[in-house]
Amino acid sequence: MTEVYDITIEKSKTSKLSSVDFSDLPFGRIFSDHMFTADYVNGQWTDLKIVPFADLQISPALSALHYGQAIFEGLKAFKNSDNEINIFRPSANLARLNTSAERMCMPEMPEELFLEAISQLVATDVAWVPNTPDSALYIRPVMFATDAYVGVHPSESYKFVVFTCPVGPYFSGAIKVKVETTYSRSFEGGIGFAKAAANYGAAMYATRKAQEEGFNQVIWTDAKEHKFIEESGTTNVMFVINDILITPPAKDTILKGITRDSVITLAKDWNMKVEERKISIDEIIEAIENKSLTEVFGVGTAATVAHISEIGYKGKNYVLPPVSERTFSNKALQTLNDLRIGKIEDTHHWNFSVK
Ligand SMILES: Cc1ncc(COP(=O)(O)O)c(C=O)c1O
């Protein structure tokens with residue numbers, strides 16, 4: 001039986017909507033009028049409500065701040081030409097949230113509650129969903145430990161919040177990435193596969209160093225030998241070599257991206273050969289040099305497809321084929337864009353319709 005969740009809604013008395021320039025939306029800085037909040041107390045999600053977006057009050061002893069039990073998700077809602085709203089693959093985000101929760105000793109979120117919370121929130125702020133090309137309403141669920149207790153122990157209480165941001169395109173062009181061979185984001189047995197806040201903190205130092213050297217991002221390599229490609233920034237990475245789509249396997253050191261899965265599914269639909277396997281930086285360099293490599297790109301919710309134009313490795317920069325010649329990634333991007341706004345048939349039932 002499907003559980004019915006009673007979510008109370010307190011509408012904002014004023015709206016910030018008229019102050020927003022929808023033709024120039026910076027990523028993640030503009031927040032819609034409302035947010036959803038719930039508290040986990042005595043083994044139950046309680047106090048389910050949609051309220052005006054506002055600061056939260058927290059204890060300085062909040063356990064998430066000290067011991068890092070904090071996880072989040074990122075997904076998008078799109079408006080089609082009939083003004084209907086689709087959220088892209090929310091059940092996949094919920095499954096990943098619960099995978100992250102398990103690894104971090106945090107409570108699971110029931111699927112019906114998650115879907116109900118985000119659809120009611122998006123329906124409440126429906127006027128905030130952009131309908132311009134490459135724009136969307138970004139949905140950010142976050143869960144964190146709320147015990148006010150100084151002691152290393154899984155918290156007994158948690159807060160779950162969902163807020164949204166109207167967003168334009170994430171990257172404005174192709175990016176330059178540096179293959180990271182000193183620092184690591186994650187390691188076997190660690191939490192790399194979880195969308196845990198700690199992973200992002202761990203990535204900042206190397207990323208900042210790479211940015212000081214003129215790159216946009218790093219491509220992480222395995223923590224043991226720094227030989228095998230992992231992922232890049234907030235995207236999984238993909239290569240097209242000899243017309244084969246190759247991407248590292250989503251095991252425990254990388255985040256199992258939902259865009260990654262969608263792009264792999266499309267490639268298979270189009271009868272393209274797909275290999276999810278370990279790929280070394282040496283293999284990539286060789287394929288660049290013998291010109292069998294035709295495309296390198298990141299895939300993730302924020303950017304969908306982030307073309308990579310240059311790879312830096314051990315002080316040498318390798319320029320990649322022009323974006324205009326990249327048949328597969330351009331087609332995958334166009335297809336995902338069209339599918340999410342209902343321009344083409346959603347054969348895999350990825351769109352979740354908000355009523
Ligand atoms: C570290 C990392 N890898 C990969 C991804 C791509 O995942 P998805 O396609 O589900 O957004 C993201 C973004 O969520 C990320 O933060």
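Quick notes on the rules
- Residues numbered from 1 in each chain as written.
- Predicted model: local features only at pLDDT ≥ 70, side-chain atom pairs only at ≥ 80, totals over all residues.
- Heavy atoms only, no water.
- Helix = DSSP H or I, 4+ residues; strand = E, 2+ residues; numbered from the N terminus.
- Rg over C-alpha atoms; globule rule 2.2 N^0.38 Å.
- Contact = heavy atoms within 4.5 Å.
- Near = heavy atom within 4 Å.
- Polar contact = N/O pair within 3.5 Å; in protein donor to acceptor, adjacent residues only side chain to side chain.
- Nonpolar A, V, L, I, M, F, W, Y, C, P; charged D, E, K, R; others polar.
- Buried < 20%, exposed > 50% of the residue type's maximum accessible area, 1.4 Å probe, protein only.
- Expected span 1.5 Å × (residues − 1).
- 1 Å grid on protein atoms, 1.4 Å probe; cavity = no way out; pocket = protein on both sides within 12 Å on 5 of 7 lines; lining within 4 Å.
- Points joined across faces, edges and corners; volume = space filled by probe spheres on them.

1. Quick word on the overall build of the protein chain
Assigned secondary structure in the protein chain consists of seven helices and 18 strands. Whereas a compact globule of 355 residues would reach a radius of gyration of roughly 20 Å, the protein chain reaches 21 Å, a difference of no more than 12%. Summarising its shape, the C-alpha atoms of the protein chain cover approximately 60 × 50 × 40 Å along the three principal directions. Sequence separation of at least 24 residues holds for 69% of the intrachain contacts in the protein chain that already meet a minimum separation of 6.

2. Brief notes about the site of the ligand
Not every one of the 16 residues close to the ligand is listed here, only the nearest: Arg96, Tyr200, Glu231, Thr259 and Thr301. Within the side chain of Glu231, one N or O atom sits 2.5 Å away from a nitrogen atom of the ligand. Contact distances for the ligand include 2.6 Å between an oxygen atom and a side-chain N or O atom of Thr259. Within the residue set of the shell around the ligand, elements represented by two or more residues are strand E12 (235-241), helix H5 (258-269) and strand E15 (293-300). Of the residues that constitute the shell around the ligand, the class distribution is four nonpolar, eight polar and four charged.

3. Here's the deal with the environment of Glu230
Looking at where Glu230 falls in the secondary structure, it is placed in strand E11 (residues 229-232). Overall, the relative accessible area of 10% leaves Glu230 in the buried class. Along the chain, Glu230 and Thr46 lie 184 residues apart, while their C-alpha atoms are 38 Å from each other. Setting aside its immediate chain neighbours within four residues, Glu230 contacts Ser186, Trp220, Thr221, Asp222, Val237, Pro248, Thr253 and Ile254. Reaching out from Glu230, the side chain makes a polar contact with the side chain of Thr253 at a distance of 2.9 Å.

4. Section: helix H3 (residues 111-124)
Quick reminder: α-helices carry 3.6 residues per turn. Residues three or four places apart thus point the same way. Look at H3: 20 Å from first C-alpha to last across 14 residues, which is about the 20 Å you get at 1.5 Å a residue. Residues of H3 that are buried: Leu113, Phe114, Leu115, Ala117, Ile118, Ser119, Leu121, Val122 and Thr124.

5. Remarks on unusual backbone geometry
Unlike most non-glycine residues, Asp47 shows phi in positive territory, near 55°. You can see Asp47 is positioned in strand E3 (residues 44-52). If you check the backbone angles, Lys314 has positive phi at about 50° while not being a glycine. Mapping Lys314 onto the fold places it in the loop between strand E16 (304-313) and strand E17 (316-319).

6. Details of the layout of surface pockets
Here the second largest pocket is characterised by a volume of approximately 580 Å³. Along the walls of the second largest pocket sit 32 residues, with Pro133, Asp134, Ser135, Leu333 and Asn337 positioned nearest its centre. For the lining of the second largest pocket, the secondary structure elements donating two or more residues are strand E5 (75-79), E16 and helix H7 (327-340). Here the lining of the second largest pocket gets five residues from one element, more than from any other, and that element is H7.

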